[in-house]
Amino acid sequence: MGIVVEYNPDLALRNVAEFHAGNRKIEECIPEKLVVGQTYSFLKKDQRLYWLHGELPLLETQGNQVLSRPKASIVILDATHYLEAGEVWTKGRYKVIEVFNDDKPHFNGFEKVN
């Protein structure tokens, strides 16, 4: 028996409309307004690993790996795995470094484009 772990090179959260519709917890969604320097909580189902030594993109997901272009550059401050009702979850906090308001490339693989 193996341990199922997913490595994520980004943080992909849902649109906040999913919270307002009662489908998701607020921590599973991108805040309505991202503020540079602000720290936010996140929540993802399953056991996930994130890079903690630099900036990575914050994306919006529609599910099934349908992802947006980066909404912001963030750093993940901490991530913790826990069990709830027999299911594994990953929760943590991220800090917004830069907010993007265009469709230009902002990351090249793991490297942030300046």
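See the structure above.
Because the structure is a prediction, the values reported are computed rather than measured.

Visitor: Could you give me a rundown of the side chain of Ser73, with the residues and numbers involved?
Guide: Mapped onto the fold, Ser73 is located in strand 7 (residues 72-84). If we skip the residues at most four places from it in the chain, Ser73 touches Glu55, Leu56, Lys95, Val96, Ile97, Glu98, Phe100, Phe107 and Lys112.

Visitor: Could you give an account of the side chain of Lys112, with specific residues and numbers?
Guide: Structurally, Lys112 can be placed in strand 10 (residues 111-112). Here the side chain of Lys112 touches Glu98 through a polar contact of 2.7 Å, side chain to side chain. Other than its neighbours up to four places away in sequence, Lys112 contacts Glu55, Ser73, Glu98, Phe100, His106 and Phe107.

Visitor: An account of the pairing of strand 8 (residues 87-99) is needed here, citing residue identities and associated values.
Guide: Side-chain positions along a regular strand alternate between the two faces of the sheet. The pairing of strand 3 (residues 39-45) with strand 8 spans seven bridges and is antiparallel. Considered in strand 8, the bridge of Lys44 is made with Thr90. Where strand 7 and strand 8 come together, 12 bridges link them in antiparallel fashion. Its bridge partner being in strand 8, Asp78 is matched across the sheet by Arg93. In this antiparallel pair of consecutive strands, strand 7 and strand 8, the connection spans two residues, and Ala85 shows a positive phi of 55°.

Visitor: Give me the lowdown on the nonpolar core, citing residues and values where you can.
Guide: If you look at the biggest cluster of nonpolar residues, it comprises 14 residues, and the most contacted ones within it are Leu11, Leu34, Leu58, Ile74 and Tyr94. At the level of secondary structure, the elements contributing two or more residues to this core comprise strand 2 (11-13), strand 3, strand 5 (56-63), strand 7 and strand 8. No other element matches strand 7, which puts three residues into this core. Leave out the neighbours within four places in its chain, and Leu58 touches Leu11, Leu13, Ile30, Leu34, Arg69, Pro70, Lys71, Ala72, Ile74 and Tyr94.

Basis of the calculations
- Residues numbered from 1 in each chain as written.
- Predicted model: local features only at pLDDT ≥ 70, side-chain atom pairs only at ≥ 80, totals over all residues.
- Heavy atoms only, no water.
- Helix = DSSP H or I, 4+ residues; strand = E, 2+ residues; numbered from the N terminus.
- Contact = heavy atoms within 4.5 Å.
- Polar contact = N/O pair within 3.5 Å; in protein donor to acceptor, adjacent residues only side chain to side chain.
- Pairing = 2+ DSSP bridges.
- Core = buried A, V, L, I, M, F, W, Y, C linked by side-chain atoms within 4.5 Å.
- Buried < 20%, exposed > 50% of the residue type's maximum accessible area, 1.4 Å probe, protein only.

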